[in-house]
Amino acid sequence: MNMKWVYYGFGGFIGGICGTTINLIFYMLEQSGNRLISNLVRDYGMFGRFVAEMVNALPLMGVALGIVMVHWLFPDIVGDKKDSSEGEDNF
């Protein structure tokens, strides 16, 4: 198994956990009586609905951003770069 898939999986896992945690914070805020997201929809209409749907999509965005973060942080591990010991000799 190629090591880059382990890195991508770990990044997606951590991103998903972070997105879910932030989503749960907003959920608990709504349950406590502070209607932040509900008031956005009521006060701002379609823009508030868009922001509310983005809050609901935070876990998926966290997975995607976690994978992108791994791709940017570890380009030598997850890229398709060959080692100097593999392939052709470049003199």
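Structure: see above.
Fair warning: this is a prediction, and the values are worked out from it, not measured in the lab. (Residues numbered from 1 in each chain as written. Predicted model: local features only at pLDDT ≥ 70, side-chain atom pairs only at ≥ 80, totals over all residues. Heavy atoms only, no water.)

Here Ser-38 shows up in helix H2 (residues 36-44). In sequence terms Ser-38 and Ala-52 are 14 residues apart; their C-alpha atoms lie 7.9 Å from each other. Polar side-chain contacts of Ser-38 include one of 2.8 Å to the side chain of Glu-30. (Helix = DSSP H or I, 4+ residues; strand = E, 2+ residues; numbered from the N terminus. Polar contact = N/O pair within 3.5 Å; in protein donor to acceptor, adjacent residues only side chain to side chain.)

For helix H3 (residues 46-56), every residue scored as buried is listed here: Gly-48, Ala-52 and Val-55. Along the long axis of H3, the arc covered by the buried residues comes to 55 degrees, so they all point the same way. Exposed positions of H3 whose direction lies more than 90 degrees from the buried face are Met-46 and Phe-47. (Buried < 20%, exposed > 50% of the residue type's maximum accessible area, 1.4 Å probe, protein only. Arc of directions from axis to C-beta.)

Residue placement: Asn-23 occurs in helix H1 (residues 3-31). What Asn-23 contacts, discounting residues up to four positions off in sequence, is Val-55, Asn-56, Leu-58 and Pro-59. (Contact = heavy atoms within 4.5 Å.)

This brings us to a nonpolar patch on the surface. Taken together, the side chains of Met-3, Val-6, Met-69, Leu-73, Phe-74 and Ile-77 define a hydrophobic patch exposed on the protein surface, amounting to about 510 Å² of accessible area. Elements represented by at least two residues in the nonpolar patch include exactly H1 and helix H4 (58-73). (Patch = residues over 30% accessible without salt bridge, like charges linked within 9 Å, V, L, I, M, F, W, Y side chains within 5 Å. Areas by Shrake-Rupley, 256 points an atom, 1.4 Å probe, with all protein chains shown as cover. Salt bridge = Lys/Arg side-chain N within 4 Å of Asp/Glu carboxyl O.)

Attention now goes to the packing of H1 against H4. It is at 6 Å that the axes of H1 and H4 come closest, and there the two elements cross at 145 degrees. Crossing of H1 against H4: the hand is right-handed. Taken together, the residues of H4 that come into contact with H1 (itself represented by Tyr-7, Tyr-8, Gly-11, Gly-12, Gly-15, Gly-16, Gly-19, Thr-20, Ile-22 and Asn-23) are Leu-58, Pro-59, Gly-62, Val-63, Gly-66, Ile-67, Val-70 and His-71. Partitioning the contact of H1 with H4 into residue classes produces eight nonpolar, ten polar and no charged. (Axes fitted to C-alpha atoms, helices over the stretch in contact; angles between N-to-C directions. Left-handed = near helix turned anticlockwise from the far one by under 90°. Nonpolar A, V, L, I, M, F, W, Y, C, P; charged D, E, K, R; others polar.)

With that out of the way, let us pick up the pattern of salt bridges. In total, this model carries three salt bridges according to the counting rule given. Its salt-bridge partner being Arg-49, residue Glu-53 comes within 3.2 Å of it at the nearest N-O pair. Residue Glu-53 and its partner Arg-49 are both found in helix H3; the two are separated by four residues, about one turn of the helix.

In this section: the packing of aromatic side chains. Applying the stated criterion to the full structure yields two aromatic pairs. Their ring planes at 65 degrees and their centres at 5.2 Å tell us that Tyr-7 and Phe-74 sit as a pair that is edge-to-face. With Tyr-7 in helix H1 and Phe-74 in the loop between H4 and helix H5 (75-78), this residue pair connects regions lying 67 residues apart in the sequence. Given a relative accessible area of 25%, Tyr-7 falls into the partly exposed group. (Phe/Tyr/Trp six-rings, centres within 6.5 Å; stacked < 30°, edge-to-face > 60°.)

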